[in-house]
Amino acid sequence: MVGTIAHDMIMNLLTTLYILSACVLALYTLGHGILLVQYLRKRGQGSQADVAPLEMYPPVTVQLPVYNERHVALRLIDAVAMLDYPADKLQIQILDDSTDSTTGSIARHIRQYAHLDIMHVRRPKREGYKAGALAYGLTQTTAPYVAIFDADFIPANDFLQRTIPYLEQDGQLGFVQTRWGHLNPTDNALTRAQVIAIDNHFVIEQAGRHLSEWMVPFNGTGGVWRVETIADAGGWSARTLTEDLDLSFRAQLKGWRVHYLPDLVVPGELPPQLAAYRQQQARWAKGGSQCLRKLGTSVWASDKRLSTKLIATHHLMQYVPQLLMLVMLLLTPLLIISDMLRYIPLAPLGIIGLIPPVMYVVSQQAIGGRWLARLAAFPALLLLGTGLIWQNAIAVVSGFFLAHGEFRRTPKFASDWQASGYALRAQVAIVVQIAFMVYSAWGLSVAWQAAGALVPYFGVHVLSFGLVALWDIHDEWRLRQAMPKQQLLPESGSD
């Protein structure tokens, strides 16, 4: 009797957890729908033509944070040296924390730019990672504006001419963010899938936030900051792994505004190796959760509009759905066996789940070109996104409850990632992937016997976890073929 009561209490608790996860996931997806509607209603407003060109040129510092980037750093330096801006008003800071041959290559390369104000900055100690490097650079400049480019991005030579005027014209503008483009969109199925996801963020989500005068996150690169804004918001902080999101929200909570330029594109490198992409996503997931923990209360205590608070929270919890998806996957077979799932209406989830695919279609159509061909990568995006939920879920939990952790950069390869010396390993991940594939296969067998409508759901998970495991195995084989064992780096954990 006692055992039966305990069993019923546990199953009721699990059912409640499942329902809560499903409801939050549905609400989060509806938030994407709101951004899509706002984008469709307001697109075309606030173009780049609404500001006059510069008549007088203010001093600008361009900051290039670099850490072991020997394959891409020189390319970036060349691009920044070609910026169309008066040389006497332009300072270039190479904030170099490298521990490999990158430092020597930079030192030799910049000799040809002796006519420019170019600083090769080496800190005594790599404290605060990228945030610390950017903060240190600010102590070496008196310019009112700083442009920031990660090592794998290449700005066009008119970048400053098209961004600085907004800051000069509007004294309450804290920073200008531009849209990411892609240097290697067709390297493989992984980069093709990333194109769809990143384009959706910049074409619809960022534009929808900006056009609705909601809070817009800084994306870490391809932007220009007013130095006064950085200081007023409390400066760069390494307390989270997403220092860009943290500072940009703090600045807007202080009253500074943002301008987003979707028509100014700065292309960057997409991770072509699955282990590198996994590490990037886990860092973003942990950093986003840290920002949610750190800034969530401040957002709701501010005098912002209710809609602004809701959409800001929506962005801060952008990786929480990964945790909810994992919880639902783990609980579903148990609820099928206990016959509790028949009390939960799942059809609304299926309908709401159509919102993201619609957004992908709209964003690719807006970019133009061979947009239908690019959408052919959607199945890969679906399978990869599903197959990586376990590590992102761990990162989310870590961001909520553990210390900030080490900032593990995403390796940059430029071309041949297998022989780059920066490629990561994925042995542990392969084992975990296979374990989740087996669990999903068990769920599939349970659904086959008692809940036929859920067979496709488990089928997607079996395929996703299996595909990612095979992909990692294939990448591991290619690495072993391309370089000796001592050059292979272990894959980082959930940071």
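Criteria and cut-off values
Residues numbered from 1 in each chain as written. Predicted model: local features only at pLDDT ≥ 70, side-chain atom pairs only at ≥ 80, totals over all residues. Heavy atoms only, no water. Axes fitted to C-alpha atoms, helices over the stretch in contact; angles between N-to-C directions. Helix = DSSP H or I, 4+ residues; strand = E, 2+ residues; numbered from the N terminus. Parallel < 35°, antiparallel > 145°, perpendicular 65-115°, else oblique. Contact = heavy atoms within 4.5 Å. Nonpolar A, V, L, I, M, F, W, Y, C, P; charged D, E, K, R; others polar. Salt bridge = Lys/Arg side-chain N within 4 Å of Asp/Glu carboxyl O. Buried < 20%, exposed > 50% of the residue type's maximum accessible area, 1.4 Å probe, protein only. Pairing = 2+ DSSP bridges. Core = buried A, V, L, I, M, F, W, Y, C linked by side-chain atoms within 4.5 Å. Phe/Tyr/Trp six-rings, centres within 6.5 Å; stacked < 30°, edge-to-face > 60°.

K.L.:
Where do I start with the packing of helix α8 (residues 243-253) against helix α9 (residues 274-301) in this structure?
P.N.:
Two packed helices can be described by the angle between their axes and the distance between those axes. Running from amino to carboxyl end, α8 crosses α9 at an angle of 10 degrees, the nearest separation of the two axes being 10 Å. Classified by the interaxial angle, the pair formed by α8 and α9 is roughly parallel. In contact with L245, D246, F249, R250 and L253 of α8, α9 contributes G288, C291, K294, L295, S298 and V299. When its residues are assigned to classes, the contact of α8 with α9 shows six nonpolar, two polar and three charged.

K.L.:
Looking at this structure, how should I read the pattern of salt bridges?
P.N.:
When charged atoms on two side chains of opposite charge get close, those side chains can pair. Evaluation of the coordinates by the stated rule reveals 17 salt bridges. The salt bridge partner of K412 is E69, with a shortest N-O separation of 4.0 Å. Taken as a pair, K412 in the loop between α16 (389-401) and α17 (427-450) and E69 in the loop between β1 (60-66) and α2 (73-81) lie far apart in primary sequence, 343 residues in all. Judged by relative accessible area, which is 11%, K412 ranks as buried. The partner of R122 in a salt bridge is D96, and the shortest N-O contact between them spans 3.7 Å. In this pair, R122 is assigned in the loop between β3 (117-121) and α4 (129-138) and D96 in strand β2 (residues 90-96), connecting sequence segments 26 residues apart. Here the residues in one salt-bridge network are E69, R409 and K412, joined through shared partners.

K.L.:
Even after reading the chapter, I still don't get the pairing of strand β4 (residues 145-148), so can you show me in this structure?
P.N.:
Sheet faces and side chains relate simply in a regular strand, where the side chains alternate between the two faces. Of the two faces of β4, both are covered, the one formed by Y145 and A147 as well as the one formed by V146 and I148. Examined bridge by bridge, β1 and β4 share four bridges and lie parallel to one another. The residue of β4 that forms the bridge with T61 is V146. Note that β4 and strand β6 (residues 223-226) share four bridges and pair antiparallel. Opposite Y145, over in β6, you have R226 as the bridge partner.

K.L.:
What should I look at first to understand the nonpolar core in this one?
P.N.:
Generally speaking, a soluble globular protein has its nonpolar side chains buried in company with each other. Formed by 52 residues in total, the largest nonpolar core has its most connected members in V62, L64, F149, F159, L160 and I164. The contacts of F149, once residues within four sequence positions are left out, are V62, Q63, L64, P65, L76, V80, P155, F159, T221, G222 and V266. L14, Y319, M340 and I389 belong to the second largest nonpolar core, which has 47 residues in total.

K.L.:
Can you walk me through the packing of aromatic side chains in this structure?
P.N.:
When we look at a pair of aromatic rings, we describe it by the centre distance and by the angle of the planes. Counted according to the given criterion, the structure contains 17 aromatic pairs. Centroid distance F175 to F218: 5.6 Å. Interplanar angle 70 degrees. Geometry classified as edge-to-face. On the criterion of sequence distance, the pair formed by F175 in strand β5 (residues 173-182) and F218 in the loop between α6 (189-211) and β6 is long-range, its members being 43 residues apart. Here the two residues F175 and F218 agree in accessibility, since each one is buried. Centre to centre, the rings of Y360 and F378 are 5.8 Å apart; their planes meet at 50 degrees, and the pair counts as tilted. Placement of the pair is Y360 in helix α13 (residues 355-367) and F378 in helix α15 (residues 378-387), with a sequence separation of 18 residues.

K.L.:
Whenever I open this one, unusual backbone geometry confuses me. Can you help?
P.N.:
Generally, phi is negative for residues other than glycine and the peptide bonds are trans, each holding for most cases. Phi at N68 is positive, roughly 50 degrees, even though this residue is not glycine. Exposure remark for N68: the relative accessible area of 10% places this residue in the buried category. Of note, the phi angle at E213 is positive, near 60 degrees, even though the residue is not glycine. Looking at the secondary structure, you find E213 in the loop between α6 and β6.

K.L.:
I keep staring at the packing of α6 against α13 and nothing clicks. Help me out?
P.N.:
Where α6 meets α13, the closest approach of the two axes is 9 Å, and the angle between their N-to-C directions is 80 degrees. Looking at the two axes, α6 sits roughly perpendicular to α13. Taken together, the residues of α13 that come into contact with α6 (itself represented by V195, I196, A197, D199, N200, V203, I204 and E205) are M359, Y360, V362, S363, Q364, A366 and I367. Taken together, the residues of the contact of α6 with α13 break down into ten nonpolar, three polar and two charged.

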